[in-house]
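# Close look at the chain arrangement
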Amino acid sequence: MRNLFSLLWKYHFFVFFLILETISLILLVNNYSYHRSLYFNTASDFTGNIYSTYGNIENYFSLKHENKQLLEENTRLRNKLSGLVVYSDSLPADTNSNYYFIPARVISNSVNKRNNLILIDKGLSDSIEREMGVVSSTGIVGIVIGVSDHYAVVMSMLHRNSRISGRVKKNGQLVNIIWKGPDFTKGEVTDIPTHFTLSKGDTIMTSGNSLIFPPGILIGTIKSNQQADNLELGQATLNFSTDFNGLEYVYVIKNREKKEQEELLNEVENE
């Protein structure tokens, strides 16, 4: 205690100066509106920045939960509309579909290989099976080729063995879609008959002939067309509707009647 008094006495002029300055500031803020508003504005800005920063951090960590909720809600809506297949942005067509959607998150994905695969976080325990179609919110993604209890591997459209049956929206003509690489944004439309020509912007959708994808799911739009010579089938370049490099969430499609359909086809073929 004696040392404290000695220290205060040694610097008593400086301590006295601080006390007077504090009293002066208090009187100034309390008696002049401009200075009082300046003080509160400064304090508000400081605390506001703190709360804003905290809010941004909190929102960032809650984003994953919100994305999951949004995916589940989208899935419920898709399954409610499972009998409606969108042939355009605004015109649904009733198909009495037997398909429903299972949401999944992308664990790993590649776009720069010759055979690109996608790993998702749903498997046998979630009713995922081989040869199920996979789509994104904007279009087709690929087909399930491997399944474990909790994960599945999808053969991306960006794979040399990928071959999807498509249909030209404007006339219903059947075509096939493949990927030759290396551009992950573009595919190839093959087997185009010589009696009609695709135009830039024409829409290509799933045909529904494979029993894997329902008809009418968007695959992409025509970028350019190579006219067929003589009796050869033509080809065209397609802009994929799906951003394969930005995939985070997908939907696995289950065909409720696929087993019965396949059994009937096999029975007829073996007769």
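Residues numbered from 1 in each chain as written. Predicted model: local features only at pLDDT ≥ 70, side-chain atom pairs only at ≥ 80, totals over all residues. Heavy atoms only, no water.

## Section: the overall build of the chain
Regarding its fold elements, the chain presents four helices and 14 strands. In the chain, once contacts between residues fewer than 6 apart in sequence are set aside, the share between residues at least 24 apart is 58%. Carbon and sulfur atoms form 55% of the exposed surface of the chain, whose accessible area is close to 17400 Å². (Helix = DSSP H or I, 4+ residues; strand = E, 2+ residues; numbered from the N terminus. Contact = heavy atoms within 4.5 Å. Areas by Shrake-Rupley, 256 points an atom, 1.4 Å probe, with all protein chains shown as cover.)

## Here we look at unusual backbone geometry
In terms of backbone geometry, most residues other than glycine have negative phi values and most peptide bonds are trans. Cis rather than trans, the peptide bond between Gly-181 and Pro-182 has omega equal to -5°. Mapped onto the fold, Pro-182 is located in the loop between β9 (174–178) and β10 (186–192). Although it is not a glycine, Leu-211 sits at a positive phi angle of roughly 70°. Mapping Leu-211 onto the fold places it in the loop between β11 (203–206) and β12 (218–226). Residue classification places Leu-211 among the buried residues on the basis of a relative accessible area of 18%. (Buried < 20%, exposed > 50% of the residue type's maximum accessible area, 1.4 Å probe, protein only.)

## As for the environment of Val-189
Residue position: Val-189 is located in strand β10. Classification of Val-189 by relative accessible area gives buried; the value is 0%. The residues contacting Val-189, other than those within four sequence positions of it, are Val-175, Asn-176, Ile-177, Leu-198, Ile-204, Ile-222, Gly-234, Gln-235, Ala-236 and Leu-238.

## Quick word on the pattern of salt bridges
Per the counting criterion, the structure on display carries six salt bridges. Between Glu-129 and Lys-254 there is a salt bridge whose closest N-O contact spans 3.7 Å. In this pair, Glu-129 is assigned in the loop between β4 (115–120) and β5 (133–135) and Lys-254 in strand β14 (residues 249–255), connecting sequence segments 125 residues apart. Given the relative accessible area of 43%, Glu-129 is considered partly exposed. According to the relative accessible area criterion, Lys-254 is buried, its value standing at 18%. With its nearest N and O atoms 3.8 Å apart, the salt bridge here joins Glu-262 to Lys-258. In this pair, Glu-262 and Lys-258 both sit in helix α4 (residues 258–269), four residues apart, roughly one turn of the helix. (Salt bridge = Lys/Arg side-chain N within 4 Å of Asp/Glu carboxyl O.)

## Describing the sheet that holds β5
Spatial strand order, β3-β4-β7-β6-β5-β14: six strands in a closed barrel with antiparallel pairing. When strand polarity is set aside, the average angle formed by the axes of neighbouring strands in this sheet is 45°. Two elements, strand β3 (residues 99–109) and β4, share three bridges in a ladder whose sense is antiparallel. Looking across to β4, one finds that Ser-108 is bridged to Leu-119. (Pairing = 2+ DSSP bridges. Axes fitted to C-alpha atoms, helices over the stretch in contact; angles between N-to-C directions.)

## Notes on the sheet that holds strand β8 (residues 164–168)
In spatial order, the strands read β8-β9-β10-β13-β12-β11; together these six strands close into a barrel with antiparallel pairing. The sheet shows a mean angle of 40° between the axes of neighbouring strands, taken without regard to direction. In this structure, β12 lies alongside strand β13 (residues 234–240), joined through six bridges in antiparallel fashion. Opposite Ser-224, over in β13, you have Thr-237 as the bridge partner.

## Topic: the packing of aromatic side chains
If you walk through the whole model with that rule in mind, you get two aromatic pairs. Geometrically, the ring pair formed by Phe-101 and Tyr-251 is edge-to-face, given 6.4 Å between the ring centres and 90° between the ring planes. Of this pair, Phe-101 sits in strand β3 while Tyr-251 sits in strand β14; the two residues are 150 residues apart in sequence, bridging distant segments of the chain. The exposure classification of Phe-101 matches that of Tyr-251, with both residues buried. (Phe/Tyr/Trp six-rings, centres within 6.5 Å; stacked < 30°, edge-to-face > 60°.)

## Observations concerning the confidence of the model for the chain
Put simply, the chain has an average pLDDT of 76, and 62% of its residues get 70 or more. Mean pLDDT in the chain bottoms out at strand β2 (residues 92–94), which sits at 36, and peaks at strand β7 (residues 152–159), which reaches 96. The low-confidence segment residues 32–52, where pLDDT is below 50, has five contacts with residues more than four positions distant or belonging to other chains. The model gives residues 82–96 a pLDDT under 50, and that stretch makes 26 contacts with residues more than four places away or in other chains. (pLDDT = per-residue confidence, 0-100.)

## Points about the nonpolar core
Residues Ile-177, Val-189, Ile-204, Ile-219 and Phe-240 are the most contacted members of the largest nonpolar core, which totals 44 residues. Take this core: its biggest share by element is five residues, from β3. Ignoring anything within four residues of it in the chain, the contact list for Ile-219 reads Ile-140, Met-157, Ile-164, Gly-166, Ile-177, Ile-204, Met-205, Thr-206, Leu-238, Asn-239, Phe-240 and Ser-241. (Core = buried A, V, L, I, M, F, W, Y, C linked by side-chain atoms within 4.5 Å.)

## A look at a negative patch on the surface
Taken together, the side chains of Glu-260, Glu-263, Glu-267 and Glu-271 present a region of like negative charge at the surface. Following the sequence through the fold, Glu-263 ends up in helix α4. (Patch = residues over 30% accessible without salt bridge, like charges linked within 9 Å, V, L, I, M, F, W, Y side chains within 5 Å. Lys, Arg positive; Asp, Glu negative; His and termini not counted. Charge placed at Lys NZ, Arg CZ, Asp CG, Glu CD.)

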